[in-house]
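Structural characterization, general
Letter by letter, the chains look like this.
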Amino acid sequence: MTVDATVETARTRTREVTARFDDEYWRTADQERAYPQEFVDAMGASGLLAAMIPTDHGGLGWGIGAASAVMEEINASGGHSAACHAQMYTMGAVLRHGTEEQKRQYLPAIASGDLRLQAFSITEASGSDTSRIETVAERDGDDYVITGHKTWTSRIEESDLALILARTSVRGERPTEGMTLFLVDLREVRATSPEQLEVIPVRTMFNYATNQVRYHGLRVPSSAVLGTVGKGFRHVIDGWNAERILLAAEAVGDSRWFVDRAVSYSQEREIFGRPLAVNQGVQFPIADAYIRMRAADGVRWEACALFDADQPCGAEANMAKWLAAEASWQAANTCLDTYGGFGFVDTYDVERKFRETRVYGVAPVSSNMIRSFIATKVLGLPKSY
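Cut-offs used in this document
Residues numbered from 1 in each chain as written. Predicted model: local features only at pLDDT ≥ 70, side-chain atom pairs only at ≥ 80, totals over all residues. Heavy atoms only, no water. Helix = DSSP H or I, 4+ residues; strand = E, 2+ residues; numbered from the N terminus. Rg over C-alpha atoms; globule rule 2.2 N^0.38 Å. Buried < 20%, exposed > 50% of the residue type's maximum accessible area, 1.4 Å probe, protein only. Contact = heavy atoms within 4.5 Å. Phe/Tyr/Trp six-rings, centres within 6.5 Å; stacked < 30°, edge-to-face > 60°. Salt bridge = Lys/Arg side-chain N within 4 Å of Asp/Glu carboxyl O. Pairing = 2+ DSSP bridges. Polar contact = N/O pair within 3.5 Å; in protein donor to acceptor, adjacent residues only side chain to side chain. Core = buried A, V, L, I, M, F, W, Y, C linked by side-chain atoms within 4.5 Å. Expected span 1.5 Å × (residues − 1). Axes fitted to C-alpha atoms, helices over the stretch in contact; angles between N-to-C directions. Parallel < 35°, antiparallel > 145°, perpendicular 65-115°, else oblique. Left-handed = near helix turned anticlockwise from the far one by under 90°.

If you tally the helices and strands in the protein, you get 13 helices and 10 strands. For 385 residues, the compact-globule estimate of 2.2 N^0.38 gives 21 Å, and the protein sits close to it at 21 Å. Looking at the protein as a whole, 53% of its 385 residues qualify as buried. Contacts spanning at least 24 positions in sequence make up 73% of the contacts within the protein whose residues lie at least 6 apart.

Turning our attention to the packing of aromatic side chains. Enumeration according to the criterion identifies 12 aromatic pairs in this entry. Plain terms: the ring middles of Tyr 25 and Trp 26 are 5.4 Å apart, the flat faces sit at 90° to each other, and that makes the pair edge-to-face. Each member of the pair, Tyr 25 as well as Trp 26, is classed as buried. With centroids separated by 6.1 Å and ring planes inclined at 85°, the aromatic side chains of Phe 233 and Trp 240 adopt a geometry described as edge-to-face. The exposure class of Phe 233 is buried, given its relative accessible area of 11%. In this structure an aromatic cluster arises from ring pairing among Phe 21, Tyr 25, Trp 26 and Phe 39.

To continue, consider the pattern of salt bridges. Scanning all chains against the criterion turns up 27 salt bridges. A salt bridge links Glu 72 to Arg 11, with the shortest nitrogen-to-oxygen separation between them at 3.2 Å. Separated by 61 residues along the polypeptide, Glu 72 in helix α4 (residues 64–76) and Arg 11 in helix α1 (residues 5–18) bring together distant segments of the chain. Residue classification places Glu 72 among the buried residues on the basis of a relative accessible area of 3%. Here Asp 143 makes a salt bridge to Arg 219, at a shortest N to O gap of 3.2 Å. You can see Asp 143 sitting in strand β3 (residues 143–150) and its partner Arg 219 sitting in strand β7 (residues 210–221), a full 76 residues away along the chain. A single salt-bridge network, built from bridges that share partners, covers Glu 8, Arg 11, Arg 15, Glu 72, Glu 73, Arg 256, Asp 297 and Arg 300.

As paired elements, strand β2 (residues 136–140) and β3 share 5 bridges and run antiparallel to each other. Counterpart to Ala 137 in the pairing with β3 is Ile 146. In this structure, the hairpin formed by β2 and β3 is closed by a connection of 2 residues, where Gly 141 is found at a positive phi of approximately 65°. As paired elements, β3 and β7 share 7 bridges and run antiparallel to each other. Considered in β7, the bridge of Lys 150 is made with Val 213.

In this section: the side chain of Ser 121. For Ser 121, the location among the structural elements is in strand β1 (residues 117–121). Residue classification places Ser 121 among the buried residues on the basis of a relative accessible area of 0%. There is a polar contact of 2.7 Å between the side chain of Ser 121 and the side chain of Tyr 215.

Counting 49 residues, the largest nonpolar core has Phe 39, Met 43 and Val 70 as its most contacted members. Those elements that provide at least two residues to this core are α1, α2 (23–32), α3 (37–46), α4, α5 (86–97), α9 (240–268), α10 (280–308) and α11 (314–339). Among residues more than four places away in sequence, those in contact with Met 43 are Val 17, Leu 48, Leu 49, Val 70 and Ile 74. In terms of nonpolar packing, the next biggest core, distinct from the first, is built from 24 residues, Met 91, Leu 115, Ile 133 and Leu 181 among them.

In a regular helix each residue adds 1.5 Å, so 26 residues correspond to 38 Å; α11 covers 38 Å between its end C-alpha atoms and thus fits that length. Just past α11, the residue Gly 340 takes up positive phi, approximately 65°.

The N-to-C vectors of α11 and helix α12 (residues 350–357) enclose an angle of 160°; their axes lie 10 Å apart at closest approach. With respect to α12, the element α11 is oriented roughly antiparallel. Here α11 runs over α12; the crossing is left-handed. Contacts between α11 and α12 involve Ser 328, Trp 329, Ala 332, Asn 333, Cys 335, Leu 336 and Tyr 339 from the former and Val 350, Phe 354 and Thr 357 from the latter.

Further remarks concern the environment of Arg 139. Along the chain, the position of Arg 139 falls in strand β2. In the structure, Arg 139 is positioned 83 residues away from Ser 222 in sequence and 8.4 Å away in space, judged by C-alpha atoms. Here the side chain of Arg 139 touches Gly 141 through a polar contact of 2.8 Å, landing on its backbone oxygen. One polar contact links Arg 139 to Tyr 144, side chain to side chain, over a distance of 3.4 Å.

If you want it as structure tokens, here you go:
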């Protein structure tokens, strides 16, 4: 496989940043459920979060392969990309559907790290059935007034901007029509009408900075509409392939971390007078985890190549996400088994990464939803929902 030079550059530059944030840094952030502000600041200053923003908007102008390498290296270092990964794929909506004014106003500042677009406010009680969201945006003169409740909106407290999906017309025969995507300047909201935005922190089993959000008549200008009124769902889903690919890379990074730790510990740990690694019962699961990681990685790079060539890649992006999620979970269990009881002790960091990597089988799309996609869209089987 020929690797684009930008991929190696991305790896090198990311490692230079991650080297400054050791296991203790991430462990402390997890224990305190604290946002890793210093790490995100460093990533922003490095320009790496602007990997996919074109150079004429102040970004690096890299393809998704290089961007995915950034995410992979963060996780492989023992860090957690969730602190900043959304900015990699949410900015795509601005690039593809934003007006020239929106691009000029926001993209250079996002690229420089002066602005953060980390919050993606989509999901409600209906879960994966986005067509049934109940948050509404009603036109009022030159403004829209947004009212509703979102169940999962991560990093909104740490963001300057947010993408919000709301209904601008009632659900009809084409249920995915009638939703509109808004690019909301949270700085303005906080300064002038903070009562319109209620953020309710949600404590999860790992440090994800997520929240419920209630919009109490949030007033935004019509200039906040991103793309076409009523076509917001389409604007959201055309960024899903990038999201799948980037998260697949994160899961590959986790797999690397688990395999590397299992290999090192099994060689260092002596029991019954010999290294733990001598036992095939220890070796074989680690070898299995490595093989699955490499297989997932291969499909990830296939998806990257198609995406960067502007070719259809829905199947490959989804399969990469599914394979990487499965691989990282197997690697996590193998690493924990290798460490035995010590794997449950927080100072070894295995239990932290174990909790973090479990999310890839569930969010932002569950493995079962991916199976449904492959069954119906690739294999031509009837829809099950």
